[in-house]
Amino acid sequence: QVQLVESGGGLVQAGGSLRLSCAASGRTFTRYYMGWFRQAPGKEREFVASMGWSGGSTTYVDSVKGRFTISRDNAKNMVFLQMNSLKPEDTAVYYCAARYVTMTEYDNWGQGTQVTVSS
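Presented here is a report on the structure given in the accompanying data block. Keep in mind the model is a prediction, meaning the values are calculated, not measured.

Our next topic: the packing of aromatic side chains. One pair of aromatic rings is described through two measures. These are the centre distance and the angle between the planes. If you walk through the whole model with that rule in mind, you get four aromatic pairs. Judged by centre distance (5.7 Å) and plane angle (80°), the rings of Phe-37 and Phe-47 are edge-to-face. With Phe-37 in strand β4 (residues 32-39) and Phe-47 in strand β5 (residues 46-51), this pair connects stretches of sequence that are 10 residues apart. The exposure class of Phe-37 is buried, given its relative accessible area of 10%. In this structure Phe-47 comes out as partly exposed when scored by relative accessible area, which is 26%. One aromatic cluster in this structure is built from Phe-37, Phe-47, Tyr-106 and Trp-109.

What counts as what
Residues numbered from 1 in each chain as written. Predicted model: local features only at pLDDT ≥ 70, side-chain atom pairs only at ≥ 80, totals over all residues. Heavy atoms only, no water. Phe/Tyr/Trp six-rings, centres within 6.5 Å; stacked < 30°, edge-to-face > 60°. Helix = DSSP H or I, 4+ residues; strand = E, 2+ residues; numbered from the N terminus. Buried < 20%, exposed > 50% of the residue type's maximum accessible area, 1.4 Å probe, protein only.

Honestly, that's just the spatial picture; any functional story needs more than this.
Structural data, given as C-alpha coordinates:
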(Lines give C-alpha, C1' and ligand atoms only; values in the text may rest on other atoms or scores of the structure.)
Protein backbone atom coordinates (compact mmCIF):
# COMPACT_ATOMS: atom_id res chain seq x y z
CA GLN A 1 0.00 0.00 0.00
CA VAL A 2 1.03 3.55 -0.63
CA GLN A 3 -0.46 6.73 0.72
CA LEU A 4 -0.97 9.51 -1.80
CA VAL A 5 -1.35 13.25 -1.24
CA GLU A 6 -2.12 15.60 -4.12
CA SER A 7 -1.43 19.31 -4.30
CA GLY A 8 -1.29 22.09 -6.85
CA GLY A 9 -4.91 22.53 -7.77
CA GLY A 10 -6.56 25.90 -8.02
CA LEU A 11 -8.43 28.41 -10.16
CA VAL A 12 -7.00 29.34 -13.54
CA GLN A 13 -8.27 31.09 -16.64
CA ALA A 14 -8.78 29.19 -19.86
CA GLY A 15 -5.50 28.83 -21.69
CA GLY A 16 -3.51 28.83 -18.49
CA SER A 17 -1.41 26.14 -16.87
CA LEU A 18 -1.26 24.24 -13.60
CA ARG A 19 1.08 21.58 -12.29
CA LEU A 20 -0.35 18.96 -9.99
CA SER A 21 1.90 17.05 -7.64
CA CYS A 22 1.36 13.77 -5.86
CA ALA A 23 3.54 12.71 -2.96
CA ALA A 24 3.64 8.98 -2.28
CA SER A 25 4.76 7.24 0.87
CA GLY A 26 6.22 3.77 0.93
CA ARG A 27 9.51 2.12 0.12
CA THR A 28 8.39 0.31 -3.01
CA PHE A 29 7.23 3.30 -5.04
CA THR A 30 9.07 2.08 -8.11
CA ARG A 31 6.91 -1.04 -8.15
CA TYR A 32 3.77 0.99 -8.79
CA TYR A 33 2.17 2.25 -11.94
CA MET A 34 0.93 5.77 -11.32
CA GLY A 35 -2.07 7.48 -12.78
CA TRP A 36 -4.18 10.61 -12.70
CA PHE A 37 -7.96 10.53 -12.84
CA ARG A 38 -10.56 13.28 -12.63
CA GLN A 39 -14.19 13.63 -11.74
CA ALA A 40 -16.30 16.55 -12.87
CA PRO A 41 -19.57 17.48 -11.14
CA GLY A 42 -22.33 15.09 -12.11
CA LYS A 43 -19.98 12.85 -14.06
CA GLU A 44 -18.19 9.60 -13.44
CA ARG A 45 -14.52 9.52 -12.65
CA GLU A 46 -12.43 9.22 -15.78
CA PHE A 47 -8.87 8.23 -16.55
CA VAL A 48 -6.56 11.09 -17.54
CA ALA A 49 -3.00 9.76 -17.73
CA SER A 50 -0.72 7.00 -16.49
CA MET A 51 2.94 6.13 -16.41
CA GLY A 52 4.84 2.90 -15.84
CA TRP A 53 7.26 2.33 -12.99
CA SER A 54 10.32 3.28 -15.04
CA GLY A 55 8.85 6.44 -16.46
CA GLY A 56 7.85 4.86 -19.73
CA SER A 57 4.55 3.45 -20.95
CA THR A 58 2.73 6.75 -20.77
CA THR A 59 -0.94 6.81 -21.74
CA TYR A 60 -3.36 9.72 -22.04
CA VAL A 61 -7.04 10.14 -22.64
CA ASP A 62 -7.57 11.66 -26.07
CA SER A 63 -9.00 14.89 -24.72
CA VAL A 64 -5.73 15.87 -23.01
CA LYS A 65 -3.16 14.61 -25.50
CA GLY A 66 -0.73 17.34 -26.44
CA ARG A 67 -1.77 19.47 -23.47
CA PHE A 68 -1.05 17.37 -20.37
CA THR A 69 2.18 15.63 -19.44
CA ILE A 70 2.62 13.05 -16.70
CA SER A 71 6.01 12.55 -15.12
CA ARG A 72 7.50 10.96 -12.03
CA ASP A 73 10.56 11.37 -9.85
CA ASN A 74 11.22 7.99 -8.27
CA ALA A 75 14.00 9.39 -6.09
CA LYS A 76 11.48 11.69 -4.41
CA ASN A 77 8.42 9.43 -4.62
CA MET A 78 6.59 12.07 -6.60
CA VAL A 79 4.28 12.10 -9.60
CA PHE A 80 3.34 15.20 -11.54
CA LEU A 81 0.73 16.27 -14.05
CA GLN A 82 1.64 19.34 -16.06
CA MET A 83 -1.52 20.79 -17.54
CA ASN A 84 -1.23 23.40 -20.29
CA SER A 85 -3.80 25.13 -22.48
CA LEU A 86 -6.46 24.41 -19.91
CA LYS A 87 -10.10 24.47 -20.95
CA PRO A 88 -13.26 24.95 -18.88
CA GLU A 89 -14.11 21.29 -19.54
CA ASP A 90 -10.96 20.32 -17.63
CA THR A 91 -12.65 21.53 -14.45
CA ALA A 92 -12.80 18.60 -12.02
CA VAL A 93 -11.38 17.07 -8.89
CA TYR A 94 -8.13 15.41 -9.89
CA TYR A 95 -7.00 12.24 -8.15
CA CYS A 96 -3.63 10.58 -8.01
CA ALA A 97 -3.77 6.79 -8.06
CA ALA A 98 -1.36 3.89 -7.83
CA ARG A 99 -1.50 0.22 -8.68
CA TYR A 100 1.10 -2.41 -7.89
CA VAL A 101 2.80 -3.90 -10.93
CA THR A 102 1.00 -7.23 -10.52
CA MET A 103 -2.44 -5.67 -10.15
CA THR A 104 -4.84 -4.71 -12.91
CA GLU A 105 -6.83 -2.09 -11.03
CA TYR A 106 -5.80 1.08 -9.24
CA ASP A 107 -6.44 0.52 -5.54
CA ASN A 108 -4.55 3.37 -3.89
CA TRP A 109 -6.10 6.83 -4.13
CA GLY A 110 -5.36 10.30 -2.91
CA GLN A 111 -7.93 12.66 -1.50
CA GLY A 112 -8.13 14.76 -4.67
CA THR A 113 -7.36 18.34 -5.57
CA GLN A 114 -9.80 20.76 -7.21
CA VAL A 115 -8.97 22.29 -10.58
CA THR A 116 -11.28 25.02 -11.83
CA VAL A 117 -10.83 26.60 -15.24
CA SER A 118 -12.79 29.77 -15.89
CA SER A 119 -13.81 30.86 -19.36
